[in-house]
Protein chains: 2
Amino acid sequence: MGPWYDEVFADRVRFGLKIRRVLYSGQSDHQKIEILDTEQFGRVLVLDGVFMTSEADEYFYHEMLVHPAMTTAPRIRRVLVIGGGDGGTIREVLRHPEVESAVLVEIDGQVVEVCRQHLASIGTAWDDPRLEVVIGDGVAFAREADVEPFDVILLDGCDPVGPSEGLFNESFFRDCARLLHPDGVFAMQSETPVFMREVFLDIVHTLRRVLGHAWPYFGSVPLYSAGMWTWTFASRTVDPLDLIDERAQRLEAVTRYYNREIHLASLAVPNALKPVL
Amino acid sequence: MGPWYDEVFADRVRFGLKIRRVLYSGQSDHQKIEILDTEQFGRVLVLDGVFMTSEADEYFYHEMLVHPAMTTAPRIRRVLVIGGGDGGTIREVLRHPEVESAVLVEIDGQVVEVCRQHLASIGTAWDDPRLEVVIGDGVAFAREADVEPFDVILLDGCDPVGPSEGLFNESFFRDCARLLHPDGVFAMQSETPVFMREVFLDIVHTLRRVLGHAWPYFGSVPLYSAGMWTWTFASRTVDPLDLIDERAQRLEAVTRYYNREIHLASLAVPNALKPVL
């Protein structure tokens, strides 16, 4: 058997995968990119030593980032994804036939290239004619873009360090709000309250200030090993409980984690978090 | 900083905790018992190298094992716990004032002694006069006990290896069914479908054969690192959705994970598991 590859969190916890081999290792302008072939999760994307996504469990994360927003927003014609260079998020977005155009803004073109080559089972929608890929800084895009508002904006960044750091602050959220249709929905991954409680709470509270309403929702991502993962749904007018049944029902023919019961269940808040949310 | 202590699963995945010191290490007649003082989870009980429970996250596990059964069973006067030598499960059981007598059958008296000494914040109910502690084999107890039926039976065993192996098979479940009141509820931890899918499915299907109805329910236990943990609720007559609102509402003053929304949400089944359950 091969060696272990460990992701270490704050020198307190580590999660290790036994690897068969390293399929790719390179340094881009932004970060170290690795693709590991592992015993448990199949191929795994690692950025700066942090496990991002895997062939075996990517659907937990991508379905839950995408579908609560896409099954509740009144219109889903125009969608913006910031980050998401592995292609999983945009794949789930483009499952919805109502989508007419989708823009993906990824800062690191090398992540897209490496994932297209080594994680082809995740990024199956790169050639969809509705998709425009912009290699560039999502923070600058949100600040400067002069385009028709988006119906849904999804933020698919990693942890708030390194190239994703600017994706976790109020001025960036305000720029996203400017690009969001008044009845649009914004959703993002918002870390785990188990290991990153303050970051999680800060995301929810900041989005609430910016858009008026924000709801964290809960699920699990086995690769992230914290037992409980969250995403946050924010909107000026849309309630995440008001799901459009026909859209969700249609999805259930293809999703592996998401369905209508999971959607509603994900909004239940553990008791200890209620007073601080 | 101290060294790492890793739990290794099937030579494929490992989860490591940075430890400050080892507070206890000993070999009982049944297993190796360790208490670690860790940076992330406080004190952790380890049996034969497997993380069992911790000061920091024990409530995720114990509240979810206990309260779905205790808030739905029509009567909760007599409760049996098999396993659970750390005392967390029986503590949650005894929160319910309707309980008149509770029996805990733990095979390893040394686990109880070590936990009473080192994990006193978990086992806060050892001196409750309603509690009878039996140090003995739960399998033999279930087979041989000649007692009034129990309203609720909770199985708090570890993985199906070592001293817990006999707690995961049909003949044991049939013995528990014999001890269960016709309108009683049986609940147990049932592993994670992420790493132990066949064990999980086997528990649900076997309980369904034995008691007629069984529902897995889902949550997270950060220390178990798989992202998704399950328990299974089984009963001849009780539906886990029919919760007795007054009991659950009363609990919410003290629980840290469990509440009525979490109870109902935990029964949502991820899409890929529906066809096989």
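Residues numbered from 1 in each chain as written. Chains lettered and ligands numbered in written order. Predicted model: local features only at pLDDT ≥ 70, side-chain atom pairs only at ≥ 80, totals over all residues. Heavy atoms only, no water.

(A) Up close: the packing of aromatic side chains. Residues and elements named next belong to chain B. Evaluated as defined, the whole model comprises 31 aromatic pairs over all chains. Arranged with centres 5.8 Å apart and planes meeting at 20°, the rings of Tyr217 and Trp231 form a pair that is stacked. Placement of the pair is Tyr217 in strand β11 (residues 214-219) and Trp231 in strand β12 (residues 229-234), with a sequence separation of 14 residues. What makes Tyr217 buried here is its relative accessible area of 1%. (Phe/Tyr/Trp six-rings, centres within 6.5 Å; stacked < 30°, edge-to-face > 60°. Helix = DSSP H or I, 4+ residues; strand = E, 2+ residues; numbered from the N terminus. Buried < 20%, exposed > 50% of the residue type's maximum accessible area, 1.4 Å probe, protein only.)

(B) Spotlight on the interface of chain B and chain A. The interface is formed by 40 residues belonging to chain B together with 40 residues belonging to chain A. Interface area, chain B with chain A, both sides summed: about 3,500 Å², of which 53% is carbon and sulfur. Along the contact surface separating chain B from chain A lie 6 salt bridges. Seen at the junction of chain B and chain A, the total is 30 residue pairs in polar contact (both at pLDDT 80 or more). Elements that contribute at least two residues to the side of chain B that touches chain A include exactly β1 (4-9), β2 (13-27) and α8 (260-265) of chain B. Ranked by the residues each element gives to the side of chain B that touches chain A, the list is headed by β2 of chain B, at 6 residues. Partitioning the side of chain B that touches chain A into residue classes produces 22 nonpolar, 8 polar and 10 charged. Direction of pairing for strand β2 (residues 13-27) of chain A relative to β2 of chain B: antiparallel, over a ladder of 5 bridges. What sits directly across from Gly16 of chain A, in β2 of chain B, is Arg14 of chain B. (Contact = heavy atoms within 4.5 Å. Buried area = accessible area lost by both parts, 1.4 Å probe. Salt bridge = Lys/Arg side-chain N within 4 Å of Asp/Glu carboxyl O. Polar contact = N/O pair within 3.5 Å; in protein donor to acceptor, adjacent residues only side chain to side chain. Nonpolar A, V, L, I, M, F, W, Y, C, P; charged D, E, K, R; others polar. Pairing = 2+ DSSP bridges.)

(C) Quick peek at the pairing of strand β5 (residues 50-54) of chain B. All names here are of chain B. Counting buried residues along β5, 4 of its 5 residues qualify, which places the element largely inside the surrounding structure. Sheet topology note: the strand β4 (residues 42-47)/β5 ladder contains 4 bridges and is antiparallel. Bridge assignment links Val46 to a residue of β5, and that residue is Phe51. In textbook terms, the turn of a hairpin is the stretch between consecutive antiparallel strands, and for β4 and β5 this stretch comprises 2 residues, one of which, Asp48, has a positive phi near 45°.

(D) Region of interest: the packing of helix α5 (residues 170-179) of chain B against helix α6 (residues 197-211) of chain B. Residue and element names in this part refer to chain B. Where α5 contacts α6, the axes come no closer than 10 Å and their chain directions differ by 40°. Judged by the angle between their axes, α5 and α6 are oblique. As for the relative orientation of α5 and α6, their crossing is right-handed in sense. Between α5 and α6, the contacting residues are Glu170, Phe173, Arg174 and Ala177 on the first element and Thr206, Leu207, Arg209, Val210 and Leu211 on the second. A breakdown of the residues in the contact of α5 with α6 according to their chemical character gives 5 nonpolar, 1 polar and 3 charged. (Axes fitted to C-alpha atoms, helices over the stretch in contact; angles between N-to-C directions. Parallel < 35°, antiparallel > 145°, perpendicular 65-115°, else oblique. Left-handed = near helix turned anticlockwise from the far one by under 90°.)

(E) Representation of the sheet that holds strand β6 (residues 78-83) of chain A within the structure. Residue and element names in this part refer to chain A. The strand order across the open sheet formed by 7 strands is β8-β7-β6-β9-β10-β12-β11, and the pairing between neighbours is mixed. Sheet topology places β8 (131-135) and β11 (214-219) at the edges, where each strand pairs with a single neighbour. Between one strand axis and the next, the sheet turns through 15° on average, direction left out of account. Where strand β9 (residues 150-156) lies against strand β10 (residues 180-189), 5 bridges are found, and the strand directions are parallel. Its bridge partner being in β10, Val152 is matched across the sheet by Val185.

(F) Examining the side chain of Asp128 of chain A more closely. Considering the arrangement of structural elements, one finds Asp128 of chain A in the loop between α3 (109-118) and β8. At 2.8 Å, the side chain of Asp128 of chain A forms a polar contact with the backbone nitrogen of Arg130 of chain A.

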